[in-house]
Amino acid sequence: MADLWQNAMDHAVALARRAGEVVREALQDDRKVMTKSCSVDLVTQTDQKVEKLIIQSVKEKFPTHSFIGEESVAAGEACVLTERPTWIVDPIDGTTNFVHAFPFVAVSIGFSVNKQMEFGVVYSCLEDKMYTARRGKGAFCNGEPLQVSGQEDIKQSIISTEFGSSRDPEAVEKIFLSLRSILCIPVHGVRGAGTAAINMCHVASGCVEAYYEVGIHVWDVAAGSLVVSEAGGVLMDVDGGAADLMSRRIVAANSRTIAERLVSEIHSFSPLRDDATL
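The rules behind each value
- Residues numbered from 1 in each chain as written.
- Predicted model: local features only at pLDDT ≥ 70, side-chain atom pairs only at ≥ 80, totals over all residues.
- Heavy atoms only, no water.
- Axes fitted to C-alpha atoms, helices over the stretch in contact; angles between N-to-C directions.
- Helix = DSSP H or I, 4+ residues; strand = E, 2+ residues; numbered from the N terminus.
- Parallel < 35°, antiparallel > 145°, perpendicular 65-115°, else oblique.
- Left-handed = near helix turned anticlockwise from the far one by under 90°.
- Contact = heavy atoms within 4.5 Å.
- Nonpolar A, V, L, I, M, F, W, Y, C, P; charged D, E, K, R; others polar.
- Pairing = 2+ DSSP bridges.
- Buried < 20%, exposed > 50% of the residue type's maximum accessible area, 1.4 Å probe, protein only.
- Lys, Arg positive; Asp, Glu negative; His and termini not counted.
- Salt bridge = Lys/Arg side-chain N within 4 Å of Asp/Glu carboxyl O.
- Polar contact = N/O pair within 3.5 Å; in protein donor to acceptor, adjacent residues only side chain to side chain.
- Expected span 1.5 Å × (residues − 1).

Draft legend 1. Expanded view of the packing of helix α1 (residues 6-26) against helix α2 (residues 45-61). The contact between α1 and α2 brings their axes to 10 Å, and the two run at 155°. With respect to their mutual orientation, α1 and α2 come out roughly antiparallel. In this structure, α1 crosses over α2, and the sense of that crossing is right-handed. On α2, the residues touching Asn-7, His-11, Leu-15, Arg-18, Ala-19, Val-22, Val-23 and Ala-26 of α1 are Thr-46, Lys-49, Val-50, Leu-53, Ile-54, Ser-57, Val-58 and Lys-61. When the residues that make up the contact of α1 with α2 are grouped by side-chain class, the tally is nine nonpolar, four polar and three charged.

Written out as structure tokens, the structure reads:
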């Protein structure tokens, strides 16, 4: 039986490569920076240019499909995931990295049907690493299969996280309480690439055992979530329940054992959901 969505996935991979070229070219030029929700929530003209490139191309090829795009939502479009085929796009995951030329910047394209991820594409532009996953068919980096780490002892693990863009004192306090608790388990170390998509791909690659964050958005984690699960990993909410990509909270780990141990140390809070009606 033919794969119904393979054509769309092939198009997503080609688009991610084209977007990566735009990002690399922009790094050679002046990067004009604007802000969104606060002074540390950055957006550039390149973010907007890349999202426009992706959405216009998809609309031409798949005119009946829906979109959730970071910059589109920032401009006022609704963030609603329905049963329809939906492209979930982060044109530059790691905008702050991009602004500072810190070398982890990703184009993230997830594709959902019936509210289930069918494929995910994460292109780490500056590393030239193309992470891909298709539901039920595995996860790959530049065509090579990915497999999560087999480490079951959290004390022998590396954990990834980010501090996010919120500077609300209560949220920051809980972020640092979580970090302190996890660091003092003790774990081998805590890392962060500055992009949720690449952090999740690192879990899938087996070089870190888990990634957690509160405050991310659906476009940050949609593609990476499938890369993790197709590489043998697990997804969970920070309170231990089922992962909900609209909740802005995620734990992605190599195993349920590591995920549950991590959850026991996280001081959780609940940001406004991506699909909340204001």
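Resuming the write-up.
Draft legend 2. Quick look at the sheet that holds strand β4 (residues 86-93). The mixed open sheet is built from seven strands, whose spatial order is β3-β4-β5-β6-β7-β8-β9. Of all strands in the sheet, those with a lone pairing partner are β3 (66-69) and β9 (144-145), marking the two edges. Relative to β9, strand β8 (residues 139-141) is paired through two bridges, and the arrangement is antiparallel. Bridged to Phe-140 within β9 is Pro-145. The strands touched by α1 within the sheet are β4, β5 (106-113), β6 (116-124) and β7 (129-134), with β6 carrying the most contacts at an inclination of about 30°.

Draft legend 3. Region of the structure containing the side chain of Glu-162. Take Glu-162: it is sitting in the loop between β10 (158-161) and α5 (169-183). For the buried Glu-162, no salt bridge exists, and the shortest N-O distance to an oppositely charged side chain is 9.4 Å, to Arg-167. Within polar-contact distance, the side chain of Glu-162 engages the backbone nitrogen of Ala-193 at 3.1 Å. Those residues in contact with Glu-162, other than ones at most four positions away along the chain, are Gly-192, Ala-193, Gly-194, Thr-195, Asn-199, Tyr-212 and Glu-213.

Draft legend 4. Local environment of α1. Compared with the 30 Å implied by 1.5 Å per residue over 21 residues, the 30 Å span of α1 between its first and last C-alpha is a close match. All of the buried residues along α1 are Ala-8, Met-9, His-11, Ala-12, Leu-15, Ala-16, Ala-19, Gly-20, Val-22, Val-23 and Ala-26. In this fold, the buried residues of α1 make contact with α2, β4, α4 (95-100), β5, β6 and β7.

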